[in-house]
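A look at the structure
Residue-level listing of the chains:
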2 protein chains.
Amino acid sequence: MLKVSVIGSGNVGFHFINLFHNSEKIQLCEWYSRNLKFDKRVTVINDISILSESDIYIICVNDDSISKISDRLKFRNRLVVHTSGSNSYKKINIKNRRGVFYPLQTFSKTRNLNYSEIPFCIEAEKNADRNLLINLTKRIGCKCYEIDFNQRKTLHLAAVITNNFTNFLFILAKEFLNNKNLDFEILKPLIKETVNKIHKLEPEKAQTGPAKRKDFNTINMHLKMLDEDKTRELYKIISEMITSKYEN
Amino acid sequence: MLKVSVIGSGNVGFHFINLFHNSEKIQLCEWYSRNLKFDKRVTVINDISILSESDIYIICVNDDSISKISDRLKFRNRLVVHTSGSNSYKKINIKNRRGVFYPLQTFSKTRNLNYSEIPFCIEAEKNADRNLLINLTKRIGCKCYEIDFNQRKTLHLAAVITNNFTNFLFILAKEFLNNKNLDFEILKPLIKETVNKIHKLEPEKAQTGPAKRKDFNTINMHLKMLDEDKTRELYKIISEMITSKYEN
C-alpha cells in the first residue's frame with residue numbers, strides 16, 4: 001500500500017482527498033489543514049510538525065506558500081512534491097527529496113470530477129522518486145506525463161488560455177445576453193459543440209466566423225455594439241489575429 | 001406536410017438538407033445550388049428561376065449575397081427567410097413575405113450534429129409566418145426562440161465570442177504546446193471540463209487562475225514567455241479584464 005499525505009485544503013487539496021480516498025491501492029494517511037477540524041475519511045492535522053510517516057507528501061497550497069510550508073516540515077529525506085504548474089521543485093526545501101505532481105485540470109469544490117480523466121504531469125529530482133510518482137498515478141488510474149519545468153510552464157500557460165480565458169469569454173457573452181434580456185442557456189448548445197468539435201477536428205480546421213472570412217461589415221458592426229473600451233480592444237485583437245492567420 | 005426548399009449549399013445549407021431529410025413531418029422539395037449536380041435525397045436545381053412551390057424557402061448563403069439571391073426569385077408573396085445572425089429580414093426582396101430562421105450553432109460539413117439541440121431564432125414580418133416558422137421548428141424537434149433583430153445581433157456577437165474566439169484560443173494553445181513538443185491531446189480533458197462546468201456552475205463562479213487571484217508573478221512570467229506582440233497584448237487585456245472584474 002502506498003502511503004500518501006495531503007498538505008493544504010484549497011480546491012486541489014479538497015479534490016485530492018476524494019481522489020485518494022476512492023482508490024483502494026492508496027492509504028490516505030493525513031490531511032494537514034489550518035482550518036478544518038474533522039473529516040470522516042482521513043485524519044485531519046492542524047499542526048504541521050506532527051505529520052507522521054508517508055511515502056509521498058503532496059503540497060497543495062498557493063504558489064507563494066510552497067517554500068514556507070516545505071521549510072516547516074520536521075522530517076528529512078522523504079518525497080515531497082508540489083502541484084504547481086509554474087514553479088520548479090526547487091521551491092521545496094532541499095532537506096527532503098523533491099518532485100512535482102501537477103494535475104492539468106480545473107478544480108472547483110462544488111464540481112464532481114471524473115478523476116480518471118485528469119492528466120498528471122510529473123517530475124522528480126531522483127529516478128526512484130519519478131517511478132514512485134508514476135506508480136501513484138497508476139494506482140489512481142490516471143494518465144501520467146513526464147514533463148520538465150520548461151514544458152510544464154508552457155502547459156500551464158496553455159491551460160490559462162484555454163480554461164481561464166475561455167471561461168472569461170463565457171462571462172462576457174453572458175453579460176451581453178443578460179443586457180438584452182436573453183438567457184445564457186440559449187448559447188450552451190453552441191458552446192458544447194465548440195468543444196466537442198476538437199475531439200474530431202483540429203482547431204485550425206474548425207475555425208469559422210466573420211474574422212476568418214474577412215467579413216469586415218460584421219466586424220465593424222460588432223465593434224460599434226461594444227461600448228466598453230477593453231472589450232472592443234479584445235474583440236479587435238483576436239479578430240486581427242484570426243484574419244492574419246488565415247490570410248495565406 | 002410542410003414543404004421546404006433550401007437555397008445554397010454552404011455549411012448551413014448542407015446541414016439543413018440532412019436536418020429536413022431526417023424529419024418525417026417535412027417534405028424537402030428542392031435544393032438550389034450553383035455547383036452540385038445530384039443528391040439522392042432531394043431534387044437539386046441549378047437554375048434558381050425554376051424553383052417550384054414550397055411553404056418556406058430558406059436562403060443559406062453568405063450575408064452579402066442574401067439580397068441578390070432574393071431578387072432573383074421569380075415568384076411573389078411566398079415565405080422567404082434567411083439564416084443570418086447579423087442581417088434584417090429587410091435584406092430580402094419585398095416582393096415575398098419575409099422572415100429569419102437563424103440557427104445558433106456552428107456548422108462544419110465533416111461534423112455530425114445532434115440536430116435536436118440546435119436553438120432556432122425566428123422572426124417574421126407577419127404573424128401567420130411567425131407561426132409557420134414555429135411550426136417548422138416543432139416538426140424538426142428543435143427549440144424555438146422568438147428574437148428580434150436587435151437581440152439577434154447580440155446573440156450573434158455572443159456566438160462569435162464563445163465559438164470563434166474560444167476556438168482561436170485553442171489554436172494558440174495548440175501552437176504553444178507543439179513548439180515544446182507537447183501533444184494538444186494532453187489539454188483536452190481540461191477543455192472538456194471548462195465547458196462541462198457551465199452546465200452546473202455560473203461562469204462567474206467557475207473563474208479561476210492567476211488573473212483572478214492577482215498572481216502577478218505568474219502573469220509576468222507568462223508575458224515573458226510570449227514572444228509575439230499580439231499574443232502578449234491579448235494575454236494582457238484579458239488578464240486585466242479578469243482582475244478588474246474580481247477587484248470588488
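Residues numbered from 1 in each chain as written. Chains lettered and ligands numbered in written order. Predicted model: local features only at pLDDT ≥ 70, side-chain atom pairs only at ≥ 80, totals over all residues.

**Describing helix α3 (residues 127–139) of chain B**
All names here are of chain B. Spelled out, the test is: Labels follow the DSSP assignment, with helices taken as runs of H or I lasting at least four residues and strands as runs of E lasting at least two, numbered in each case from the N terminus. Expected span of a helix, by definition, is 1.5 Å for each gap between consecutive residues, and there is one gap fewer than residues. Remark: C-beta atoms are placed from the backbone, and a residue is labelled buried if 20 or more other C-beta atoms sit within 10 Å of its own, exposed if 12 or fewer do, or partly exposed between those counts. The arc in question is the one traced by the directions running from the helix axis out to the C-beta atoms.
With 13 residues, α3 extends 19 Å from end C-alpha to end C-alpha; this agrees with the ideal 18 Å at 1.5 Å per step. Taken residue by residue, α3 has D129, L133 and L136 as its buried positions. For α3, the buried positions fall inside an angular range of 55° around the axis, keeping them on one side. Exposed side of α3, more than 90 degrees from the buried face: N127, A128 and N131 are the residues found there. G141 sits one or two positions beyond α3 and adopts a positive phi of about 75°.

**Notes on the interface of chain B and chain A**
Selection criterion: The contact rule is simple: place each C-beta atom from the backbone, and if two of them lie within 7 Å, those residues are in contact. Polar here means any residue other than Ala, Val, Leu, Ile, Met, Phe, Trp, Tyr, Cys and Pro, which are nonpolar, and Asp, Glu, Lys and Arg, which are charged; Gly is therefore polar.
Counting from both sides, the interface comprises 76 residues of chain B and, opposite them, 76 residues of chain A. Mapped onto the side of chain B that touches chain A, the elements with two or more residues apiece are α4 (149–179), α5 (188–196), α6 (203–206), α7 (216–225) and α8 (229–245) of chain B. Top element by residues in the side of chain B that touches chain A is α4(B). It accounts for 25 residues. For the side of chain B that touches chain A, the residue count by class is 40 nonpolar, 20 polar and 16 charged.

**With respect to the packing of helix α4 (residues 149–179) of chain A against α8(B)**
Our working definition: Axes here refer to lines fitted to C-alpha atoms; in helices the fit is confined to the stretch in contact. Angles between the N-to-C directions go from 0 to 180 degrees. Each crossing gets its hand from how the near helix is turned against the far one by less than a right angle, where anticlockwise is left-handed and clockwise is right-handed.
Relative to each other, α4(A) and α8(B) sit at 65°, their axes nearing to 11 Å. Seen from above, α4(A) lies across α8(B) with left-handed handedness. Across the interface between the two elements, N164(A), F165(A) and F168(A) of α4(A) pack against I238(B), M241(B) and I242(B) of α8(B). A breakdown of the residues in the contact of α4(A) with α8(B) according to their chemical character gives 5 nonpolar, 1 polar and no charged.

**Quick word on the pairing of strand β6 (residues 97–103) of chain B**
Residue and element names in this part refer to chain B. Going by this rule: Following DSSP output, two strands are said to pair if at least two bridges run between them.
For β6, the buried fraction is high: 7 of the 7 residues fall into the buried class. Judged by which residues are buried, β6 turns out to be covered on both faces: R97, G99, F101 and P103 on one side and R98, V100 and Y102 on the other are all buried. Judged from the 4 bridges that link them, strand β5 (residues 79–82) and β6 form a sheet pairing that is parallel. By the bridge assignment, V80 is partnered in β6 with R98. Two strands pair when backbone bridges link them, and β6 and strand β7 (residues 119–124) are joined in this way by 5 bridges, in the antiparallel orientation. Each residue of the ladder has a partner; that of F101, found in β7, is I122.

**Some points on unusual backbone geometry**
Even without glycine at this site, N181(A) takes up a positive phi of about 55°. With a phi angle near 60°, N77(B) is a residue other than glycine that sits in the positive phi range. Position of N77(B) relative to the elements: it lies in the loop between α2 (66–71) and β5. Accessibility expressed as a C-beta count within 10 Å gives 8 for N77(B), which makes it exposed.

**Brief notes about α8(B)**
Counted at 1.5 Å a residue, the expected span for α8(B) with its 17 residues is 24 Å, and the 24 Å between its end C-alpha atoms agrees. Within the span of α8(B), buried status applies to L234(B), Y235(B), I238(B), S239(B), M241(B) and I242(B). Each buried residue of α8(B) lies within a common arc of 160° when the element is viewed along its axis, so the set occupies one face. Exposed positions of α8(B) whose direction lies more than 90 degrees from the buried face are D229(B) and S244(B). Structurally, α8(B) contributes buried residues whose contacts are with α4 and α8 (229–245) of chain A together with α7 of chain B.

**Thoughts on the environment of I122(A)**
All names here are of chain A. Within the secondary structure, I122 sits in strand β7 (residues 119–124). Classification of I122 by C-beta neighbours within 10 Å gives buried; the count is 22. The spatial distance from the C-alpha of I122 to the C-alpha of E146 is 5.1 Å, given a sequence separation of 24 residues. Not counting residues within four places of it along the chain, the set of residues in contact with I122 comprises G99, V100, F101, R130, L133, I134, T137, C144 and E146.

**Here's the deal with the relation of the copies chain B and chain A**
The line we're drawing: Alignment of copies: least-squares fit on C-alpha atoms of residues with pLDDT of at least 70 in both copies.
Here chain B sits on chain A after a turn of 180° about the axis and a move of 0.0 Å along it, with an RMSD of 0.0 Å. In symmetry terms, the pair is related by a two-fold rotation axis. Minimal C-alpha distance to the rotation axis in chain B is attained by T166(B), lying at 2.8 Å. A shared binding surface is used by both copies, with 100% of the interface residues of chain B retained as interface residues in chain A.

**What to know about the sheet that holds strand β4 (residues 56–59) of chain A**
Residue and element names in this part refer to chain A. Read from one edge of the open sheet, 8 strands run β3-β2-β1-β4-β5-β6-β7-β8, paired in mixed fashion. Because the sheet does not close on itself, it has two edges, and the strands there are β3 (43–45) and β8 (143–146). Taking each pair of neighbouring strands and ignoring which way they run, the sheet shows an average axis angle of 25°. Relative to strand β5 (residues 79–82), β4 is paired through 4 bridges, and the arrangement is parallel. Paired with I56 across the two strands is L79, which belongs to β5.

**Some thoughts on the domain arrangement of chain A**
Residue and element names in this part refer to chain A. Basically, it comes down to this: The split of the chain into domains comes from an automatic or database domain assignment.
Domain boundaries in chain A define domain 1 (2–147) and domain 2 (153–245). Each of domain 1 and domain 2 has a C-alpha centre, and the two are 35 Å apart. Split into classes, the residues belonging to the side of domain 1 that touches domain 2 amount to 3 nonpolar, 3 polar and no charged.

**Some details on the packing of α4(A) against α4(B)**
Heads up, the rule is: When an angle is under 35 degrees it counts as roughly parallel; over 145 it counts as roughly antiparallel; between 65 and 115 it counts as roughly perpendicular; any other value is oblique.
Between α4(A) and α4(B), the shortest axis-to-axis distance is 9 Å and the interhelical angle comes to 180°. On the basis of the axis angle, α4(A) is roughly antiparallel to α4(B). Class assignment for the residues of the contact of α4(A) with α4(B) results in 20 nonpolar, 6 polar and no charged.

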